[in-house]
Amino acid sequence: MADRVTVIGWDGSPLTEAARAALGAATLVAGAAHHLALPEVPAQAERIRLGSVALAARRIVRHRGTAVVLADGDPGFFGVVRTLRAPEHGLEVEVAPAVSSVAAAFARAGMPWDDAQVVVAQRRTLRRAVNVCRAHTKVAVLTSPGAGPAELALLLGEVHRTFVICEALGTDREEVSVLTSDKVADHTWRDPNIVLVVGGGMPGAGGNGPAGQEPDTGWIAGHEPGHPVPPRGWALPAGAYGTEPDAPGAAEGARGAAGHEARAHAGASMRLRAAQLARLGPRTGDLLWDIGAGGGAVAVDAARLGAAVIAVDRDARACSRIAAAARRFGVQVQTVPGAAPQVLEDLPEPDVVRVGGGGVRTVAAVVDRRPERIVTHAVTRDEAEALGRVLGDGGYNVECALLQSVELDTEAWAERERTVVFLLSGVRS
């Protein structure tokens, strides 16, 4: 094993005295081509051009001498230090960090970044990185070949953002470009680059937030200060979202006014919404479709849990209510007016879907898109069986439960309201 391993961060500025001393004593130096070209690298040292950090780590383990690994920015932030310290390599390292590329990018843009999300975009994680950009108003994206600015912008589609694209930070080829997301794919971008994706409306804009909530004072990274702290819990009463329970006509695909009203009333139940959220498990990096979103309570709660959300409803007034509820809670929700299943054809691929209305045809259309999880509900056993068959025939493991909730008047201890509904959930096999 190497006698000593030092990881040196480089941001284009002159190396510190300690970094120069460690590099001058190195018998093995690993780094990218522009690192190995630095004049401080000893001519007699073995050089390893970094491709796979794991392969370089195995070579360092076998080396007898002093090793130095050069990396851009802060090597402890989405960098090589994690791999070098992994148990299979067992390397103890000393780190001489530089300014991280994320910090440098925000500095070039003149923006604070304690409220930003930071993601790594690779080909296998690109869609999830895009979903974080949908869900948040400030995201730093560490890109890679095949998952760069153009790919990010194309997958964002109609979600408009401003891109600050920083190419070759810290080098004499550094360039910073600012343009809207619809223009990004028209250009060719050089690697390496980092992208700041900002915009989408300031959380909480246009509303005072839930009543009685004090503003966030900015005590934790990744959350924007200044807008009201939302109340605890999810599946709150409809009034907490600034809306009334869904009225007939707000949900999708009615089959008769009476059936439509019963389904919409059942779908507004707090207990049903809580169970649906539990079955869906929306999380950061996911995209959730809420079809027949009504007042938007599920859409807003899913966004509060970190997911990107598209709320679909054929009633334009419902879409306006959903947008207002999202502003009230300081979250991002994209609303799409239109009737399911037709309106679903052009939407990006979902991870989890709630079908609040639309019946068998809409559930069948969702099954064809193969999300990981689907939830819906029915007010009759026949409807539940029909929905369950569609899910099962589509390759989903189906669960169905009859949920009954009785709301009591706690002064008279008398029954105030009773709701009975079938909850169906499907998990992709």
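The rules we used
Residues numbered from 1 in each chain as written. Predicted model: local features only at pLDDT ≥ 70, side-chain atom pairs only at ≥ 80, totals over all residues. Heavy atoms only, no water. Core = buried A, V, L, I, M, F, W, Y, C linked by side-chain atoms within 4.5 Å. Buried < 20%, exposed > 50% of the residue type's maximum accessible area, 1.4 Å probe, protein only. Helix = DSSP H or I, 4+ residues; strand = E, 2+ residues; numbered from the N terminus. Contact = heavy atoms within 4.5 Å. 1 Å grid on protein atoms, 1.4 Å probe; cavity = no way out; pocket = protein on both sides within 12 Å on 5 of 7 lines; lining within 4 Å. Points joined across faces, edges and corners; volume = space filled by probe spheres on them. Nonpolar A, V, L, I, M, F, W, Y, C, P; charged D, E, K, R; others polar. Phe/Tyr/Trp six-rings, centres within 6.5 Å; stacked < 30°, edge-to-face > 60°.

(A) Representation of the nonpolar core. By size, the foremost hydrophobic cluster in this structure holds 26 residues, and its most contacted members are Trp289, Ile291, Leu344 and Val366. For this core, the secondary structure elements donating two or more residues are β11 (287-291), β12 (308-313), β14 (352-355), α13 (359-368), β15 (373-378), α14 (381-393) and β17 (414-428). Not counting the four nearest positions on each side in its chain, Trp289 is found in contact with Ile310, Leu344, Leu347, Pro348, Pro350, Val352, Val353, Arg354, Val366 and Arg369. Residues Leu126, Val130, Val159 and Phe163 belong to the second largest nonpolar core, which totals 21 residues.

(B) Examining the layout of surface pockets more closely. The space that makes up the largest pocket amounts to roughly 1,600 Å³. If you list the elements that add at least two residues to the lining of the largest pocket, you get α2 (33-36), β4 (66-72), α4 (81-84), α5 (101-109) and β10 (193-198). Considering each element in turn, the lining of the largest pocket owes the most residues, four residues, to α5. Of the residues in the lining of the largest pocket, the class split is 22 nonpolar, 17 polar and nine charged.

(C) Representation of the environment of His223 in the model. Here His223 is to be found in the loop between β10 and α9 (257-267). Linking His223 and Lys138, residues 85 residues apart in sequence, is a C-alpha distance of 9.7 Å.

(D) Molecular detail of the packing of aromatic side chains. Tallied over the entire structure, the rule returns three aromatic pairs. Their ring planes at 80 degrees and their centres at 5.2 Å tell us that Phe77 and Phe78 sit as a pair that is edge-to-face. On the accessibility criterion, Phe77 (30% relative accessible area) is partly exposed. The exposure class of Phe78 is exposed, given its relative accessible area of 52%. Where Phe106 meets Trp113, the ring centres are 6.0 Å apart and the plane angle is 5 degrees; that geometry is what we call stacked. We classify Trp113 as partly exposed; its relative accessible area is 31%.

That's the geometry; what it means functionally is another story.
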